Amino acid sequence: GFTLLEVLSENVLKAIYGDGNVSGTLAEGITVRANSEEQEACSWVFDLIMRDNALKRIVVPNGKVSEVGEIGYQGTEAVGYETTVTAMPSDAIEGDTHREYIKRAAATGG
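This structure is a prediction, so every number in the text was calculated from the model and none was measured.

Concerning the pattern of salt bridges
Then, in step 1: Under the defined criterion, the tally for this structure stands at seven salt bridges.
Then, in step 2: With its nearest N and O atoms 3.0 Å apart, the salt bridge here joins K56 to E100. With a gap of 44 residues between them, K56 in strand β5 (residues 54-68) and E100 in strand β7 (residues 99-104) connect regions that are remote in the sequence.
Then, in step 3: Here K56 falls in the buried class, since its relative accessible area comes to 17%.
Then, in step 4: Notably, a salt bridge pairs E94 with R99, separated by 3.4 Å at the nearest N-O pair.
Then, in step 5: Looking at E94, the relative accessible area reads 73%, which means it is exposed.
Then, in step 6: The network of salt bridges with shared partners includes E94, D96 and R99.

Some details on the packing of aromatic side chains
Then, in step 1: Taken as a whole, this structure holds four aromatic pairs when the rule is applied.
Then, in step 2: Taking 6.1 Å as the distance between ring centres and 90° as the angle between the ring planes, the aromatic pair formed by Y17 and Y81 counts as edge-to-face. Linking Y17 in helix α1 (residues 10-17) with Y81 in strand β6 (residues 81-87), this pair joins segments that are 64 residues apart in sequence.
Then, in step 3: For Y81, a relative accessible area of 5% puts it in the buried group.
Then, in step 4: Ring centres 6.2 Å apart and planes at 10° place the aromatic pair W44 and F46 in the stacked group.
Then, in step 5: Residue class for W44 comes out buried when judged on its relative accessible area of 14%.
Then, in step 6: The structure contains a cluster of three or more aromatic residues connected by ring pairs, namely F2, W44 and F46.

Details of α1
Then, in step 1: If you check which residues of α1 are buried, you get V12, L13, A15 and I16. The buried residues of α1 occupy an angular sector of 160° when projected down its axis, which confines them to one face.
Then, in step 2: Considering only its buried residues, α1 is in contact with β1 (2-4), β2 (22-25), β3 (29-32), β4 (42-49), β5 and β6.
Then, in step 3: With a side-chain oxygen lying 3.2 Å from the backbone nitrogen of N11, the N-terminal cap of α1 falls on S9.
Then, in step 4: Once α1 finishes, G18 follows within two positions and takes phi at roughly 100°, a positive value.

Re the environment of S43
Then, in step 1: Of note, S43 is situated in strand β4.
Then, in step 2: Distance from S43 to G63, taken between C-alpha atoms, is 5.9 Å for residues 20 residues apart in sequence.
Then, in step 3: Not counting the four nearest positions on each side in its chain, S43 is found in contact with V60 and P61.
Then, in step 4: Separated by 3.3 Å, the side chain of S43 and the backbone oxygen of P61 make a polar contact.

Conventions we followed
- Residues numbered from 1 in each chain as written.
- Predicted model: local features only at pLDDT ≥ 70, side-chain atom pairs only at ≥ 80, totals over all residues.
- Heavy atoms only, no water.
- Salt bridge = Lys/Arg side-chain N within 4 Å of Asp/Glu carboxyl O.
- Helix = DSSP H or I, 4+ residues; strand = E, 2+ residues; numbered from the N terminus.
- Buried < 20%, exposed > 50% of the residue type's maximum accessible area, 1.4 Å probe, protein only.
- Phe/Tyr/Trp six-rings, centres within 6.5 Å; stacked < 30°, edge-to-face > 60°.
- Arc of directions from axis to C-beta.
- Contact = heavy atoms within 4.5 Å.
- Polar contact = N/O pair within 3.5 Å; in protein donor to acceptor, adjacent residues only side chain to side chain.

In structure tokens, the structure reads:
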């Protein structure tokens, strides 16, 4: 699970409501249809910065948004979509639900 904070992004809205339920752009106006249509599975990639300068990438080739938490609109809190993605087995990675890759970041500067 994670929280998507870019609530004005067409891509975030499509991830939450489905590609076919979001139309337009922020400049011309966005329309979002909220309904019970089941979302299609898609690929998800998560990049994390861990302690000790380690980078972690989680690749979910067959994941589906399975839950979106309650959306709060309080003036003192950032609006965000609490999102749960369910990872399903994928033939693309030998039946695994996901793969994780971890590597220490290269040193920079001098």
